[in-house]
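Take a look at the letters that make up each chain.
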Amino acid sequence: TCFECFRLRLPAGVLAYTLFLTVHGFYTASDDVIELSPSNFNKQVLQSDSMWLVEFYAPWCGHCQRLTPDWKKAATALKGIVKLGAVDADQHKSLAGQYGISGFPTIKIFGANKNKPEDYQGGRTSQAIVEGTMTALRSLVKDRLSGWTGGSGHSKQACRLLGGESGTGSKKDVVELTDDNFDKLVLNGHEVWMVEFFAPWCGHCKKLEPEWTAAAIAVKEQTKGKVKLGAVDATVHQGLARRYGIRGFPTIKIFSKGEEPKDYDGGRTRPDIVAQAIELFSANVPPPEVLEIINQDVFKRTCDDYQLCIVAILPHILDTGASGRNGYLEVMRKMADKYKKKTWGWLWAEAGSQAELESSLGIGGFGYPAMAAINVRKMKFSLLKGSFSETGIHEFLRDLSVGRGSTAPVRGGILPTIHTVEAWDGKDGQASTFWKLSYQSYHLSDDHLLFLSIMLEWIKNDCFKEDIDVSDVELDDLEKDEL
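If you're wondering where the values come from, they're calculated on a predicted model, not measured in any experiment.

## A look at the overall build of the chain
Part 1: Along the backbone of the chain there are 16 helices and 18 strands.
Part 2: Buried residues in the chain amount to 46% of all 483 residues.
Part 3: Counting only contacts in the chain whose residues sit at least 6 apart along the sequence, the fraction spanning at least 24 positions is 76%.
Part 4: Here the chain has roughly 25000 Å² of accessible surface; of this, 53% comes from carbon and sulfur atoms.

Here is the structure:
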């Protein structure tokens, strides 16, 4: 699976074969698997009426290598029915990034809504792939019978991607900018803009138009309208063209509030444009919030909504105080900001407050602070083995983001029970009245402080169901001030 893939030590023969694949790719022109890249993805997949299954792979990935023969067999079996493609994500990082690929192999189904491909969750044998594909195909046919298909024979989704008039997406998703509205919309607005300056007679502009239109639809959806694509007819609005020094067509500029406009020099295909827009969106969104696990809803919502949720178990407040805990949380916030483009969920809990969660992750009540990355869909997790520091966590997350690192199944194969607890108030821990008296009355050694901390934890979790006789507790070695 994509969360498990990591480099292996291989025998010489297998290594040679791996190196061959790394250089030459997994598939050839004689295979029924279609090699996809940013230059052909839009036309082949997104503008097609066909259903597609697309594998995103890395040549060094062992799981990808094992999938290859089954992927070829499935492509042959489904030829003329459903198309199977493959993207070398190492070579085409922008295309992989557009679809949030963080491990290999990842398989996505491009069906009725090409802007929202679904994750393929079935088996990886040729038989399982064919059966899973036919199930998805039957669902697509039912959708079309229910009204997805127009009289022309093209799905509404295909029409939208081509910039046609049917459906909710069309050329109107590209905002027409003029001398009258440019300052108000672009310069004084809060969105990030990618603006194309074009001339109607320009051949390159005509080639860009369908790509720009298709990208505008995807960008609007994937950035929730925070990044917009616009177009200026420079032959009509010559004042704008002169203001920004436009000398050739098409010229694309990026406008961010409070910054000087920048030239966009990237690719001119839909995937390239969308990837740049998502990059701009990610750079301008706030980092995800680091939430305390105070109930089942917080945990389930965060881990269900994201591919990975990063969970930290922090020491008890009596062990670190508020300043120590805030130090750990600050490290987490910095890492959440650094990896905000991944849109992972970030959670923390106090040691002992969620015992079942700790047990399911093999943390086991010691070694705090601890951290785990959980993939709820696969019920697998990976533990931080290095230090709980910016450097240690960065190395841990960097390996996860490229599909490396060891993983283990979540104990029991299900999400653990999460207890409802009181949220931390941001203050130092407070002992109960009984223990406050004890602290004031005795000079306590480190061992006795540890003993009292454990007793406090038991009391907090209602471990005592009746009054306790502590008359037999040995206190001879304590220096008593007063009672």
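## Observations concerning the environment of Phe249
Part 1: Position of Phe249 among the secondary structure elements: in the loop between α9 (238-243) and β9 (251-255).
Part 2: A residue is classified by how much of its surface remains accessible, and Phe249, at 25% relative accessible area, is partly exposed.
Part 3: Considered as a pair, Phe249 and Phe197 are 52 residues apart in the sequence and their alpha carbons are 6.6 Å apart.
Part 4: Setting aside chain neighbours within four positions, we find Phe249 in contact with Phe197, Phe198, Ala199, Trp201, Cys202, His204, Cys205 and Ala234.

## Some remarks on the state of the cysteines
By definition, a disulfide is the covalent link that joins the sulfur atoms of two cysteine residues.
Part 1: Under the definition given, this model contains 1 disulfide.
Part 2: The partner cysteine of Cys303 in its disulfide is Cys309, sulfur to sulfur 2.1 Å. The disulfide joining Cys303 to Cys309 has a torsion of about 90° about its S-S bond and is therefore right-handed. Across the pair, Cys309 and Cys303 agree in class, each one buried.

## What to know about the pairing of strand β4 (residues 106-110)
Part 1: In terms of burial, β4 is a largely internal element, 5 of the 5 residues being buried.
Part 2: Where burial is concerned, the two faces of β4 agree: the one with Thr106, Lys108 and Phe110 and the one with Ile107 and Ile109 are both buried.
Part 3: By the bridge criterion, 5 bridges tie strand β2 (residues 52-57) to β4 in an arrangement that is antiparallel. Directly across from Val54, in β4, lies its bridge partner Lys108.
Part 4: Relative to strand β5 (residues 118-119), β4 is paired through 2 bridges, and the arrangement is antiparallel. Its bridge partner lying in β5, Lys108 is registered against Asp119.

## A closer look at the nonpolar core
Part 1: Phe41 and Trp71 are the most contacted members of the largest nonpolar core, which has 41 residues in total.
Part 2: Residue assignment for this core shows that the elements contributing at least two residues are α2 (41-46), β2, α3 (62-77), β3 (83-88), α4 (93-98), β4 and α5 (126-148).
Part 3: Judged by nonpolar contacts, the second largest core, of 22 residues, contains Leu329, Met335, Met371 and Phe388.

## Section: unusual backbone geometry
Part 1: With an omega dihedral of -10°, the bond running from Phe104 to Pro105 counts as a cis peptide bond.
Part 2: Cis geometry marks the peptide bond from Phe249 to Pro250; its omega dihedral reads -10°.
Part 3: The residue Met379 is not glycine, and still its phi comes out positive at about 55°.
Part 4: By secondary structure assignment, the location of Met379 is in the loop between β14 (370-375) and β15 (380-383).
Part 5: Exposure remark for Met379: the relative accessible area of 18% places this residue in the buried category.

## Some remarks on the sheet that holds strand β10 (residues 262-263)
Part 1: A sheet is described by the order of its strands in space; here 5 strands give the open sequence β6-β8-β7-β9-β10, paired in mixed fashion. Looking along the sheet, the strands with just one partner apiece sit at the ends: β6 (174-177) and β10.
Part 2: Each of β7 (192-198), β8 (227-233) and β9 is contacted by helix α10 (residues 270-284), which is oriented at about 145° to β7, the strand it contacts most.

## Some thoughts on the pattern of salt bridges
Part 1: Counted according to the given criterion, the structure contains 14 salt bridges.
Part 2: Its salt-bridge partner being Glu390, residue Lys334 comes within 3.3 Å of it at the nearest N-O pair. Note that Lys334 is positioned in helix α12 (residues 317-338) and Glu390 in helix α14 (residues 390-401), a separation of 56 residues in sequence.
Part 3: Take Lys334: its relative accessible area is 40%, and that puts it in the partly exposed class.
Part 4: For Glu390, a relative accessible area of 35% corresponds to the partly exposed category.
Part 5: Among the charged side chains, a network of salt bridges with common partners joins Lys108, Asp119 and Arg377.

## Quick notes on the packing of aromatic side chains
Part 1: Enumeration according to the criterion identifies 16 aromatic pairs in this entry.
Part 2: Their ring planes at 15° and their centres at 4.6 Å tell us that Phe26 and Tyr57 sit as a pair that is stacked. In this pair, Phe26 is assigned in the loop between α1 (12-24) and β1 (34-36) and Tyr57 in strand β2, connecting sequence segments 31 residues apart. Residues Phe26 and Tyr57 agree in their burial class; the two are buried.
Part 3: Each ring, one from Tyr328 and one from Phe388, has its centre 5.5 Å from the other, and the planes form 85°; the classification is edge-to-face. Placement of the pair is Tyr328 in helix α12 and Phe388 in the loop between β15 and α14, with a sequence separation of 60 residues.

## Thoughts on α3
In an α-helix there are 3.6 residues to a turn, and that puts residues three or four apart on one side.
Part 1: Its 16 residues place the ends of α3 24 Å apart at the C-alpha level, agreeing with the 22 Å of an ideal helix rising 1.5 Å per residue.
Part 2: If you look at α3, its biggest bend is around 35°, right at Thr68, and the proline Pro69 turns up within four residues after that.
Part 3: Burial in α3 covers these residues: Gly62, Cys64, Gln65, Leu67, Thr68, Asp70, Trp71, Ala74 and Ala75.

## Some points on the side chain of Ser48
Part 1: Tracing the backbone through its elements, the reader meets Ser48 in the loop between α2 and β2.
Part 2: Here Ser48 falls in the buried class, since its relative accessible area comes to 12%.
Part 3: Engagement of the side chain of Ser48 in a polar contact is seen with the backbone nitrogen of Ser50, the distance being 2.9 Å.
Part 4: Setting aside its immediate chain neighbours within four residues, Ser48 contacts Lys43 and Lys114.

Calculation rules
- Residues numbered from 1 in each chain as written.
- Predicted model: local features only at pLDDT ≥ 70, side-chain atom pairs only at ≥ 80, totals over all residues.
- Heavy atoms only, no water.
- Helix = DSSP H or I, 4+ residues; strand = E, 2+ residues; numbered from the N terminus.
- Buried < 20%, exposed > 50% of the residue type's maximum accessible area, 1.4 Å probe, protein only.
- Contact = heavy atoms within 4.5 Å.
- Areas by Shrake-Rupley, 256 points an atom, 1.4 Å probe, with all protein chains shown as cover.
- Disulfide = S-S within 2.5 Å.
- Pairing = 2+ DSSP bridges.
- Core = buried A, V, L, I, M, F, W, Y, C linked by side-chain atoms within 4.5 Å.
- Axes fitted to C-alpha atoms, helices over the stretch in contact; angles between N-to-C directions.
- Salt bridge = Lys/Arg side-chain N within 4 Å of Asp/Glu carboxyl O.
- Phe/Tyr/Trp six-rings, centres within 6.5 Å; stacked < 30°, edge-to-face > 60°.
- Expected span 1.5 Å × (residues − 1).
- Bend = angle between axes of the 7 residues up to and from the residue.
- Polar contact = N/O pair within 3.5 Å; in protein donor to acceptor, adjacent residues only side chain to side chain.

All we've got here are geometric facts, nothing functional implied.
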